[in-house]
Amino acid sequence: MKIIRVLLQKEFLQIFRNKSMLPILFVMPVVQLLVLSFAATYELKEVDVALIDNDQSALSREVMSRFQATGYFNLELETFHYAEAMMAMDQGEVSLILEIPSGFQTRVREGRVADLQLVIDAVDGSTAGLIQSYSTSILKDLNAEQMRKIQMESYSPQVQKVKSIQVIPQNWYNPDLDYITFMVPGILVVLVSMIGLFLSGMNIVREQEIGTIEQLNVTPIRKYQFMIGKLLPFWVIGMIDLLIGLILARYGFNIPFLGSLITVLIVAGIFLITIQSLGLLISTITHTQQQAMFIAWFLMVIFILMGGLFTPIESMPMWAQNLTYINPVAYFIKIMRMVLLKGAGWPEIQFMVYGITAMGSALLLISINKYKKTVA
Amino acid sequence: MPEYAIQTENLTRKFGDFIAVDHISFEVQKGEIFGFLGANGAGKTTAMKMLTGLLTPTSGKALVTGRDVYTEAEFIKKQIGYMSQKFSLYDDLTPRENIRFYGGIYGISEEYLSQKIDEVLEGTGLKDQGDKLVQALPLGWKQKLAFSIAILHNPKIVFLDEPTGGVDPVTRRAFWEQIYEVAEQGITVFVTTHYMDEAEYCDRLSIMVDGRMDAIGSPEDLKHEFSASSVEEIFIKLARSAKRGDG
């Protein structure tokens, strides 16, 4: 016990003495949380539009003003030449070309089929999808209004009622479809993972590089003591960062905390050990910080992109979905969202917690086993 | 039966096809200063790593403080001190913190350690530098400090791997005085060096060439045996026959 205390003392001394490390440990997570949460949004904003209005009618102007009124679209260019609009799209100045043919208003008023062309820049598929669905719903609304108007103007006693099934969606758990609410719990996981995966592992490799590990290896220090001495300091720092993040989430972003905070903290504790063990394992198979950093990044990117933070796991191909079973980050993101946003308790998350625990135990055992006091 | 501080028999270490240490057999008596000479790449560091339990031998026998390096490495570690070639104190800690840390690792009690810290700082002339970061100290002082830390727990043997590399002659002299003091306390000193004048200070020395131990004995005996006037001459004679290394 005494030896572990001595190790911890030394580790904390070094961490708190490192003037460039401290801000990284405590300021970076906050900045990251703030920046990412606002930036990583799927809401449509400021779509630049090129308008080709060949009709120049009241209705065609109405169409465009409807687009603008939503606040999502911004009229960037007005032209009569398709080529010019296309050029603007090529140059990335506009993402949507709205072309209204001449005779549009007349056709609508006469109750005939009126066409209208939308050309969408689909380099970014999901944005293109959003533009399309937003546009369609704007046009649908407008269309319905026009139909009513025509029917009223026609004074026909038998008003042909437009009947259709109306779907009124009710969004549970995140009623306003607020992306910040959805993103923040996931981003917290990323923060904790970064601290866990990088710091412990990097720390051991650093001792290898400067040669102090050799000095430690000729002392009677036990492997488990050494490992605890390396794990615990960054575990504590990871937990503190998570707490800071949770406070920000609750009071800064107004994220609902429907589930138990204790559950979140316990799972976070287990998750941190798991991800730190992976860091330790990396440090035992690498010799320089550069190598360790590269491998850690490689895994981190996969963990995050395949962890359901940005794209739903359910829409991945089957093989990719299967891979998430061994992705601790995916489990923890899911748990965080379930507990914080849906108020899930132990029964709902237990199997995922078992999963993380199993991975953690395996990784910890392997890394302790792989760490050798003798060199090859 | 006479007990040796170190005793090896056909100790060998291979890295693939390369035989770094080739069947070396020697004894080091208790309390002596044993010089371990050899050109770069002759296998000195490898041999030392096997004796300190950092490296497992490929074959052969080695007893350190009477214990087997294969099976009792962790026990041996309590009884030896080691100062590596690569400077191995923590640069971002103060001398005081370094001493406290390594003392704590060896399980030295708190009261004894506090007393010991003052003693070491006094002895190394670092009394006023005790709370400065180690990285700010000149190399010679760092090495004196590292040596003091290597013997903090009163080991039976202390291994010094090129302890005076890159240090000025005055500091080297002072360092060797420290080595003599330690030897007088009954601690066996096992030291590698490149400086031939330092070799003359040793009670006995050995010269390694291409992983083999080609000469062993007191400086006087060796001069006789190789009919040379200095250790340097012997060394050059032997090192010239070497096939590997850049020495």
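Note that the coordinates shown come from a computational prediction; the quantities given were computed from them, not determined experimentally.

**Points about the domain arrangement of chain A**
Next up, step 1: If you check the domain split of chain A, you get domain 1 (2-40 + 177-370) and domain 2 (47-153).
Next up, step 2: Taken over C-alpha atoms, the centre of domain 1 of chain A sits 47 Å from the centre of domain 2 of chain A.

**A closer look at helix 9 (residues 231-240) of chain B**
Residues and elements named next belong to chain B.
Next up, step 1: For helix 9, the set of buried residues is Val231, Ile234, Phe235, Leu238 and Ala239. Down the axis, helix 9 shows its buried residues gathered within 120° of arc, on one side only.
Next up, step 2: Those residues of helix 9 hidden inside the fold are in contact with strand 3 (33-38), helix 7 (196-200), strand 9 (204-209), strand 10 (212-217) and helix 8 (219-225).

**Brief notes about the packing of aromatic side chains**
All names here are of chain B.
Next up, step 1: In this structure the tally under the stated criterion is 21 aromatic pairs over all chains.
Next up, step 2: Each ring, one from Phe34 and one from Phe190, has its centre 5.6 Å from the other, and the planes form 25°; the classification is stacked. Taken together, the positions of Phe34 in strand 3 and Phe190 in strand 8 (residues 188-192) put the pair 156 residues apart, joining distant regions of the chain.
Next up, step 3: Put simply, the rings of Phe26, Phe34, Phe36, Phe159 and Phe190 touch in pairs and so form one group of aromatic residues.
Next up, step 4: Of note, Arg172 hangs over the ring of Tyr195, and the distance from its end group to the ring centre comes to 3.7 Å.

**Observations concerning the interface of chain B and chain A**
Next up, step 1: Listed per partner, the contact involves 34 residues of chain B and 28 residues of chain A.
Next up, step 2: In total, chain B and chain A occlude about 2700 Å² of area from one another, counting both sides; carbon and sulfur atoms represent 59% of this.
Next up, step 3: On the chain B side of the interface with chain A, the three residues burying the most area are Leu54, Tyr90 and Ile105 of chain B, jointly 24% of the side's total.
Next up, step 4: Counting across the interface, chain B meets chain A through four salt bridges.
Next up, step 5: Note that Asp92 of chain B is salt-bridged to Arg206 of chain A, the shortest N-O span being 4.0 Å.
Next up, step 6: Scanning the region where chain B abuts chain A turns up eleven residue pairs in polar contact (both at pLDDT 80 or more).
Next up, step 7: Of all the secondary structure elements, the ones that give two or more residues to the side of chain B that touches chain A are strand 1 (6-15), helix 2 (73-79), strand 6 (80-83) and helix 3 (95-105) of chain B.
Next up, step 8: Take the side of chain B that touches chain A: its biggest share by element is six residues, from helix 3 of chain B.

**Considering the confidence of the model for chain A**
Next up, step 1: Per-residue pLDDT for chain A has a mean of 85; in total, 93% of the residues score no lower than 70.
Next up, step 2: Within chain A, the lowest mean pLDDT, 81, falls on helix 2 (residues 21-39) of chain A, and the highest, 92, falls on helix 10 (residues 261-285) of chain A.

**Some words on the nonpolar core**
Next up, step 1: The biggest cluster of nonpolar side chains holds 64 residues, and the ones touching the most others in it are Phe147, Val158, Leu160, Val189 and Ile207 of chain B.
Next up, step 2: What Val158 of chain B contacts, discounting residues up to four positions off in sequence, is Gly81, Phe147, Ala150, Ile151, Val182, Ile187, Thr188, Val189 and Phe190 of chain B.
Next up, step 3: If you look at the next biggest cluster of nonpolar residues, it comprises 54 residues, including Leu272, Leu281, Ile304 and Ile349 of chain A.

**Some points on empty space enclosed by the protein**
Next up, step 1: Considering all chains together, one arrives at three cavities of 30 Å³ or more under this definition.
Next up, step 2: A volume near 70 Å³ is recorded for the largest cavity.
Next up, step 3: As for the largest cavity, its lining consists of Gln215 of chain A together with Gly81, Tyr82, Ser88, Leu89, Tyr102, Tyr106, Ala146, Ile149, Ala150 and His153 of chain B.
Next up, step 4: Those elements giving two or more residues to the lining of the largest cavity turn out to be strand 6 and helix 5 (139-150) of chain B.
Next up, step 5: Considering only residue class, the lining of the largest cavity consists of seven nonpolar, four polar and no charged.
Next up, step 6: The calculated volume of the second largest cavity comes to roughly 50 Å³.
Next up, step 7: Lining of the second largest cavity is provided by Ala39, Asn40, Gly41, Ala42, Met208, Val209, Asp210, Ala239, Ala242 and Arg244 of chain B.
Next up, step 8: When its residues are assigned to classes, the lining of the second largest cavity shows six nonpolar, two polar and two charged.

**Some remarks on the packing of helix 9 (residues 223-252) of chain A against helix 10 of chain A**
Residues and elements named next belong to chain A.
Next up, step 1: At a closest axis distance of 9 Å, the pairing of helix 9 and helix 10 adopts a crossing angle of 140°. By the angle class used here, helix 9 and helix 10 are oblique. Both helix 9 and helix 10 take part in a crossing whose hand is right-handed. Side by side, helix 9 and helix 10 meet where Met227, Leu231, Phe234, Trp235, Gly238, Met239, Leu242, Leu243 and Leu246 of the first sit next to Leu261, Val264, Leu265, Ala268, Gly269, Leu272, Ile273, Gln276, Ser277 and Leu280 of the second.
Next up, step 2: Its residues placed into classes, the contact of helix 9 with helix 10 shows 15 nonpolar, four polar and no charged.

About the thresholds
- Residues numbered from 1 in each chain as written.
- Chains lettered and ligands numbered in written order.
- Predicted model: local features only at pLDDT ≥ 70, side-chain atom pairs only at ≥ 80, totals over all residues.
- Heavy atoms only, no water.
- Domains from an automatic or database assignment.
- Buried < 20%, exposed > 50% of the residue type's maximum accessible area, 1.4 Å probe, protein only.
- Helix = DSSP H or I, 4+ residues; strand = E, 2+ residues; numbered from the N terminus.
- Arc of directions from axis to C-beta.
- Contact = heavy atoms within 4.5 Å.
- Phe/Tyr/Trp six-rings, centres within 6.5 Å; stacked < 30°, edge-to-face > 60°.
- Lys NZ or Arg CZ within 6 Å of the ring centre and 35° of its normal.
- Buried area = accessible area lost by both parts, 1.4 Å probe.
- Salt bridge = Lys/Arg side-chain N within 4 Å of Asp/Glu carboxyl O.
- Polar contact = N/O pair within 3.5 Å; in protein donor to acceptor, adjacent residues only side chain to side chain.
- pLDDT = per-residue confidence, 0-100.
- Core = buried A, V, L, I, M, F, W, Y, C linked by side-chain atoms within 4.5 Å.
- 1 Å grid on protein atoms, 1.4 Å probe; cavity = no way out; pocket = protein on both sides within 12 Å on 5 of 7 lines; lining within 4 Å.
- Points joined across faces, edges and corners; volume = space filled by probe spheres on them.
- Nonpolar A, V, L, I, M, F, W, Y, C, P; charged D, E, K, R; others polar.
- Axes fitted to C-alpha atoms, helices over the stretch in contact; angles between N-to-C directions.
- Parallel < 35°, antiparallel > 145°, perpendicular 65-115°, else oblique.
- Left-handed = near helix turned anticlockwise from the far one by under 90°.

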